[in-house]
Amino acid sequence: VGGWGYLIDDVGSGFWIGSAVLRAAFRAMDERGPETALRELVQEKLELPLQEGIGPIYTGGKRYVASFAPLAFAAVEAEDPVARTIVETAAAELALLLEVCARSFQTGGQIDCVLSGSLWRAPMLYEALQRQPVARDYRFVYADLPPVYGALSAAAAHIGVAPQEEFRAHFIESLAKIRTACDDQGQR
């Protein structure tokens, strides 16, 4: 359900929220949308006048656009109504994804839902999701490892290998080495 990629349907993702932040900032600059704290926050992040930011934004691509998502949370802290709408809309869309997905798996009682990704480090999105009526049907759990671990575990189980603690420890060690190498090269 959902997750059809950032060009089609990626509601609630970092890219989606980052895009909404950028849209709001540029619309405010053009006077096509309400004034918002996002305008100044985006300009500060760009370290350029807003109107000169188009090149770096398009050159930066998907990850760069997603990097603007935390500005929505910062602006909500400053009581910006435009940013609050972005965060609340993201939470409502994520709740809708959960609701539609649950129809296929409903067995009664609460459903476990693993929260994964950097946006969940911002309590504001989680709190907005918790305010959605559908949230009462879920037990939210934060992932302590990236989603690829679950995929690898499922693949191992599929071929008859039950992942043991040694598998987990090796994965964590390998992940740390990869992250260090990426950090050393200025990637992530």
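Here goes a summary of the coordinates provided. (Residues numbered from 1 in each chain as written. Predicted model: local features only at pLDDT ≥ 70, side-chain atom pairs only at ≥ 80, totals over all residues. Heavy atoms only, no water.)

## Details of the overall build of the protein chain
Defined as follows: Counting from the N terminus, the helices are DSSP H or I runs at least four residues long and the strands are E runs at least two residues long. Exposure is judged per residue with a 1.4 Å probe applied to protein chains only, and the accessible area is read against the type maximum: over 50% gives exposed, under 20% gives buried, and values in between give partly exposed.
On a plain count of helices and strands, the protein chain comes out with eight helices and two strands. Each helix (α) and strand (β) of the protein chain, taken in turn from the N terminus, gives the series α-α-α-α-α-β-α-β-α-α. Each of the three principal axes of the protein chain carries a C-alpha extent, and together these read 60 × 45 × 30 Å. The buried share of the protein chain, taken over its 188 residues, is 34%.

## Some words on a nonpolar patch on the surface
Rules: Patch rule: a residue counts if its relative accessible area is over 30% and it has no salt bridge; like charges are joined within 9 Å, and nonpolar side chains (Val, Leu, Ile, Met, Phe, Trp, Tyr) within 5 Å. Areas reported as accessible are Shrake-Rupley estimates using a 1.4 Å probe. Residue values count occlusion only from the protein chains shown. Between Lys or Arg on one side and Asp or Glu on the other, a salt bridge is scored when a side-chain nitrogen of the former is within 4 Å of a carboxyl oxygen of the latter.
Residues Trp4, Tyr6, Leu7 and Ile8 make up a contiguous nonpolar surface patch of roughly 550 Å² in combined accessible area. Positionally, leucine 7 belongs in the segment before helix 1 (14–30).

## Focus: helix 2 (residues 37–46)
Operational definition: Working note: the arc is built from the helix axis to C-beta atom directions. In this analysis, two residues are considered to be in contact whenever any of their non-hydrogen atoms come within 4.5 Å of each other. Nitrogen and oxygen atoms within 3.5 Å of one another constitute a polar contact, given that in protein one can donate a hydrogen and the other can accept it, and given that sequence-neighbouring residues count only through two side-chain atoms.
Listing the buried residues of helix 2 in full gives Leu38, Val42 and Leu46. One face of helix 2 carries all of its buried residues, which in axial projection span an arc of 70°. Here the buried face of helix 2 lies against helix 1, helix 3 (54–66), helix 4 (69–77) and helix 5 (81–105). With a side-chain oxygen lying 3.1 Å from the backbone nitrogen of leucine 38, the N-terminal cap of helix 2 falls on threonine 36. Just downstream of helix 2 lies glutamate 47, where phi reads positive at about 60°.

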